[in-house]
Amino acid sequence: MGDSNSKSDIKERLYQQFARIGKCLSSDKRLEIMDILSNGPKSVEGLALQTGMSVANVSRHLQILLEARLVKCYKKGTYVIYSISDSSVTQFLSSLWNICEDRLSDIKQIKEELERQYQDVQSITKQDLLEKMKQEKIIVIDIRPSEEFETAHIPGAISVPLEHLREYLKTINKADVELAAYCRGPYCSLTSQAVDYIQKQGFKAYRIEEGVREWNAQAAQ
């Protein structure tokens, strides 16, 4: 009888540990922070700027993520820089997004709302994009901050942060080339905004739905 109680206690403690990660992920803000960090390291101040939260709130969320070992940090001068702890966490996030989109109809509706806002923006498949890149008929631009590009990017892409897009377009001939832009993946509205702007400047342009995480996940399959 005692042995049975001991086994039950071990199992209970095991699932309590599993639940720590579940509780850690129960905050939409922590999920947003992890999504941003999956694109590259950030300071607390950088995360606060991108999420619209206060530095104090971001710090509290990061502490919870640190305790669960989902993120890590290091000092750089006077700043503390945070990043995803390792590639297994990034892979987990991709799986989570896929499951949520498959099971939650609200996510599909939100994506459809975004598409309706930018009805003239066309997406390009990975296969078609690779073919155009092979024929040197298209320029792939990464509109994320340059430090995220330096961390990882789609092979063959160039870094054109969103705030530099207007000036970059002045340097190329719209009659000679097509453009394809990407940002942080299928749920990032900045990609559609950027492609919409590029098209209004007279260029033929496409939206790449995949971000670096999704692109790499497909390559690994």
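Scoring rules and cut-offs
Residues numbered from 1 in each chain as written. Predicted model: local features only at pLDDT ≥ 70, side-chain atom pairs only at ≥ 80, totals over all residues. Heavy atoms only, no water. Helix = DSSP H or I, 4+ residues; strand = E, 2+ residues; numbered from the N terminus. Buried < 20%, exposed > 50% of the residue type's maximum accessible area, 1.4 Å probe, protein only. Lys, Arg positive; Asp, Glu negative; His and termini not counted. Salt bridge = Lys/Arg side-chain N within 4 Å of Asp/Glu carboxyl O. Polar contact = N/O pair within 3.5 Å; in protein donor to acceptor, adjacent residues only side chain to side chain. Contact = heavy atoms within 4.5 Å. Core = buried A, V, L, I, M, F, W, Y, C linked by side-chain atoms within 4.5 Å. Pairing = 2+ DSSP bridges. Axes fitted to C-alpha atoms, helices over the stretch in contact; angles between N-to-C directions. Expected span 1.5 Å × (residues − 1).

Undergrad: What am I meant to see in the environment of K170 here?
TA: Positionally, K170 belongs in the loop between α9 (165-169) and β6 (178-182). Put simply, K170 and Q201 are 31 residues apart on the chain and 9.6 Å apart in space, counted from C-alpha to C-alpha.

Undergrad: How do you make sense of the side chain of R30 when you look at a structure like this?
TA: Tracing the backbone through its elements, the reader meets R30 in helix α2 (residues 28-37). Despite being buried, R30 has no salt bridge partner; D28 is the closest side chain of opposite charge, sitting 8.1 Å away. At a separation of 3.4 Å, a polar atom in the side chain of R30 contacts the main-chain carbonyl oxygen of K23. In contact with R30, other than residues within four places in its own chain, are K23, C24, H61, I64 and L65.

Undergrad: So what exactly am I meant to see when it comes to unusual backbone geometry here?
TA: Trans is the common state for peptide bonds, and a negative phi is the common state for residues other than glycine. In this model, R69 sits at a positive phi of 60 degrees, which is unusual for a non-glycine residue. The topology assignment puts R69 in the loop between α4 (55-67) and β2 (71-76). In this structure, E136 takes a positive phi of about 60 degrees despite not being glycine.

Undergrad: Can you walk me through the pattern of salt bridges in this structure?
TA: Two side chains with opposite charge may pair up if their charged atoms get near one another. Per the stated rule, a full pass over the model turns up 16 salt bridges. Of the charged contacts, one joins E148 and R184 as a salt bridge, the two residues approaching to 2.5 Å between their closest N and O atoms. On the criterion of sequence distance, the pair formed by E148 in helix α8 (residues 146-151) and R184 in the loop between β6 and α10 (189-200) is long-range, its members being 36 residues apart. Relative accessible area serves as the criterion here: at 18%, R184 is assigned to the buried category. Between E214 and R213 there is a salt bridge whose closest N-O contact spans 3.4 Å. Comparing E214 with R213 shows no difference in burial state: the two are buried. It is possible to trace a salt-bridge network through shared partners that takes in K42, D142, R144, E148 and R184.

Undergrad: Any chance you could explain the nonpolar core here in plain terms?
TA: For soluble globular proteins, nonpolar side chains are generally found buried alongside one another. By size, the foremost hydrophobic cluster in this structure holds 22 residues, and its most contacted members are I33, M34, L37, V58, L62 and L70. Of all the elements in the fold, those that place two or more residues in this core are α2, α3 (44-51), α4, β3 (79-84) and α5 (87-103). Here the element with the most residues in this core is α2; it accounts for five residues. Residues in contact with I33, not counting those within four places in the same chain, are L47, T51, M53, V58, H61, L62 and L65.

Undergrad: Looking at this structure, I do not really get the sheet that holds strand β7 (residues 205-207). What am I missing?
TA: Strands pair in a sheet through their backbones, by hydrogen bonds, and they do so in one of two ways: parallel or antiparallel. Taken in spatial order, the four strands make up an open sheet running β5-β4-β6-β7, and their pairing is parallel. The sheet is open, and its two edges are formed by β5 (158-159) and β7, each paired on a single side. In this structure, β6 lies alongside β7, joined through three bridges in parallel fashion. By the bridge assignment for β7, A181 is matched with R207. With respect to the sheet, helix α7 (residues 126-134) is in contact with β4 (138-142), β6 and β7, its orientation differing from that of β4 by roughly 120 degrees.

Undergrad: Could you clarify how one ought to interpret the pairing of β6 in this entry?
TA: Look at any regular strand and the pattern is simple: side chains alternate between the two faces of the sheet. Counting buried positions along β6 gives five out of five residues, so the element sits mostly inside the fold. What you see with β6 is no split at all: E178, A180 and Y182 on one side and L179 and A181 on the other are buried throughout. Relative to β6, β4 is paired through five bridges, and the arrangement is parallel. Of the residues in β6, the one forming a bridge with D142 is Y182.

Undergrad: In this structure, what is going on with α10? I would like to understand it.
TA: Residues spaced three or four apart along an α-helix face the same direction, because each turn holds 3.6 residues. For α10, with 12 residues, the first-to-last C-alpha span of 17 Å sits near the 16 Å given by 1.5 Å per residue. The complete set of buried residues in α10 reads T191, S192, A194, V195, D196 and I198. For α10, the secondary structure elements touched by its buried residues are β4, α9, β6 and β7. Looking one or two places after α10, you find G202, whose phi comes out positive at around 100 degrees.

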